[in-house]
Amino acid sequence: MEAMKMESDFHMVKGEGENSYINNSRHQQKTLFETKPVLEKAVAEVCSAVLPRNLLLVGDLGCGSGKNTLIFLSEVIDATRGLPVELQFFLNDLPSNDFNHIFQSCDEHLKNSAAAVHKGERPTPIYIAGVPGSYYTRLFPFQSVHLFHSSFSLHWHSQFPYGLDDNKGNIYIARTTPPYVVKLYQEQFQKDLMLFLELRYEELAFGGQMVLTFLGRKNEDVYSGSMNYLYELLAQSLQTLVKKELVSQEKLESFNLPIYGASIGEVKEIINQSGLFDINHIKLFESNWDPYNDSENNNVQDNIQSGVNIAKSIRAVMETLFVSHFGESMIDALFKEFANKVADYIERADNPNYSIIILSLQRKSEACIVNALSTSRISQDIDSTIPFDHQFEDGVHKNCTPFFNNDVKGLLIIP
Ligand SMILES: C[S@@+](CC[C@H](N)C(=O)[O-])C[C@H]1O[C@@H](n2cnc3c(N)ncnc32)[C@H](O)[C@@H]1O
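Here the residue numbers are simple positions, counted from 1 along each chain's written sequence. Only residues with pLDDT of at least 70 are given local features in this predicted model, and only at 80 or more are side-chain atom pairs given and counted; all residues enter the totals for whole chains, interfaces and linings.

This part is about the overall build of the chain. The helix and strand inventory of the chain stands at 12 helices and 11 strands. Scored against the burial criterion, the 415 residues of the chain give a buried share of 38%. In this description, any two residues whose backbone-derived C-beta atoms lie within 7 Å of each other are considered to be in contact. Considering only residue pairs separated by 6 or more positions, the chain has 80% of its internal contacts joining residues 24 or more positions apart. Secondary structure elements are taken from DSSP: a helix is a run of H or I of four residues or more, a strand is a run of E of two residues or more, and numbering for both begins at the N terminus. Partly exposed residues are those whose C-beta has more than 12 but fewer than 20 other C-beta atoms within 10 Å; with 20 or more the residue is buried, with 12 or fewer it is exposed, and the C-beta atoms are placed from the backbone.

Written out as structure tokens, the structure reads:
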């Protein structure tokens, strides 16, 4: 059988049925509301950086489809209300995402939001385009976008993990996962995030920012994140299906989730290593595994119902991964078993929460990089646009291209 590929095998459950992403994405919606103040601040700062030009280009990466995509659009529109700007949105996701659904719902939503504008106020002109493709590739022209947003996506790897043969009976990092498997998971995350930062740096305009939200880990101990426990329960559900002969042992051994929950420390280290962005804001917030549990103290009211809610929220996101590896016939049995195991677990567990990282980044301007270079070297090279190798103060060599933009002379570092 052909190996699974993220780009073709991964998409949320489509449509508006009982198991659809649209009807089971309350976690992601709560995260958007939690991120709103950080997004508003980034929009305000980016707007003042682009004025007096009045076009703001905004990319939503891994936009999904349904209400959440519209919530993001509304948050940006609200944050620019009263400002003399036009908004161009680029909605990006993998090609098999339900783009049609977005465009149909956008039309209706934008008409309503235009109608809601106060009397005498000019509605903000809005343009929307779809950009299918992986955000682990270049998606936009050089220095063209002012603000990137990505919610609940960047924990996904660019590809399925391979070389994890000894992760027996597990599908993610579990207590019995060998350290070398953990290392492969970490290396893939580092590689992916570094690539993402490099690509977005090239695409962001001067003064550009990014607001990124993704699943993470509260503690530095890589074995102790709440994702570890949740996916251990999913692996145990698969093991039960092996016993019932609904899934083969061999299939289970060859399946590992292409996902990683990083700690804030790991994320900061990658950003600092890239040297491309300043961190404006980074924080971790916790959200109950049950998307419908909004209680302050996280008390479990009805563990059976919570088990069902949690299983449905995971199924809406991961169903296609399981179906493409194990086949369609096991999927109902898997998530029924999983709901039961989760219900048992949360009755005993203390605070079964997801840890979610909210991150706001400012693109470093080339002016900063220019300061790190010797002035004589700049004046010597700036008049040409031929790339050359430059050794920085820390001894690292990087390929640099001179540029001249809005009276700023500098060197563009090509990572
Ligand atoms: C859980 S959904 C989040 C959707 C939406 N942002 C929200 O908050 O509801 C994750 C989305 O990321 C997309 N995604 C995952 N990897 C991607 C990649 N490499 N490039 C673009 N989109 C990706 C998935 O297809 C999916 O639509």
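Moving on from the coordinates now.
Moving on to the environment of Glu202. The topology assignment puts Glu202 in helix H5 (residues 179-203). Under the C-beta neighbour-count criterion, Glu202 is labelled partly exposed, with 18 such atoms within 10 Å. Taking the C-alpha atoms as reference points, Glu202 and Gln143, separated by 59 residues in sequence, lie 5.9 Å from one another. Not counting chain neighbours up to four residues away, the residues in contact with Glu202 comprise Arg138 and Phe142.

What follows concerns the site of the ligand. Neighbouring the ligand are 23 residues; Gln28, Gly62, Gly64, Asn68 and Ser153 lie closest to it. Among the elements of the structure, helix H2 (26-50) and strand E2 (86-93) are those that each provide at least two residues to the shell around the ligand. Residue classes in the shell around the ligand are distributed as 10 nonpolar, 12 polar and 1 charged. Residues are counted as near a molecule or strand when the C-beta atom, derived from backbone positions, lies within 6 Å of that molecule or strand. Think of it as three bins: nonpolar holds Ala, Val, Leu, Ile, Met, Phe, Trp, Tyr, Cys and Pro, charged holds Asp, Glu, Lys and Arg, and polar takes everything else, Gly as well.

Within strand E4 (residues 145-151), 7 of the 7 residues are buried, leaving the element largely enclosed by the surrounding structure. In this analysis, strands are considered paired if DSSP registers two or more bridges between them. Summarising the sheet, strand E1 (residues 55-61) and E4 pair through 3 bridges and their orientation is parallel. For Val58, the partnering residue across the bridge sits in E4 and is Leu147. Note that E4 and strand E5 (residues 204-217) share 6 bridges and pair parallel. Looking at E5, one finds that Phe148 is bridged to Met210. A clockwise path from the first strand over the helix to the second, with the strands pointing away from the viewer, defines a right-handed crossover. Chirality of the crossover, the property in question, places the unit of E4, H5 and E5 among those that are right-handed.

Do not read the predicted coordinates in detail wherever pLDDT is low. On a range of 0 to 100, pLDDT expresses the predictor's confidence in each residue. Within the chain, residue pLDDT values average 87, and 85% of them lie at 70 or more. Low pLDDT, under 50, characterises residues 367-383; the stretch is placed with 20 contacts to residues that sit more than four places away or in other chains.

Further remarks concern the packing of H5 against helix H8 (residues 264-274). The contact between H5 and H8 brings their axes to 10 Å, and the two run at 45°. Our classification of the angle between H5 and H8 gives oblique. The handedness of the crossing between H5 and H8 is right-handed. Mapping the contact onto sequence places Gln190, Leu193, Met194, Leu197 and Glu198 in H5 and Ile270, Ile271 and Ser274 in H8. Class assignment of the residues belonging to the contact of H5 with H8 gives a composition of 5 nonpolar, 2 polar and 1 charged. Angles shown run from 0 to 180 degrees and are taken between the N-to-C directions of axes, each axis being a line fitted to C-alpha atoms and, for helices, limited to the stretch in contact. Reported orientations rely on four angle classes, namely roughly parallel under 35 degrees, roughly antiparallel over 145, roughly perpendicular from 65 to 115, and oblique for the rest. Helix crossings are classified by the rotation of the near helix relative to the far one: an anticlockwise turn of less than a right angle makes the crossing left-handed, while a clockwise turn makes it right-handed.

Bringing H5 into the picture now. With 25 residues, H5 extends 36 Å from end C-alpha to end C-alpha; this agrees with the ideal 36 Å at 1.5 Å per step. Buried residues of H5: Val181, Tyr185, Phe189, Asp192, Leu193, Phe196, Leu197, Arg200, Tyr201 and Glu203, and no others. Buried residues belonging to H5 abut E4, E5, strand E6 (262-263), H8, strand E7 (277-288) and strand E8 (353-363). For a helix, the expected span equals 1.5 Å multiplied by the number of residues minus one.

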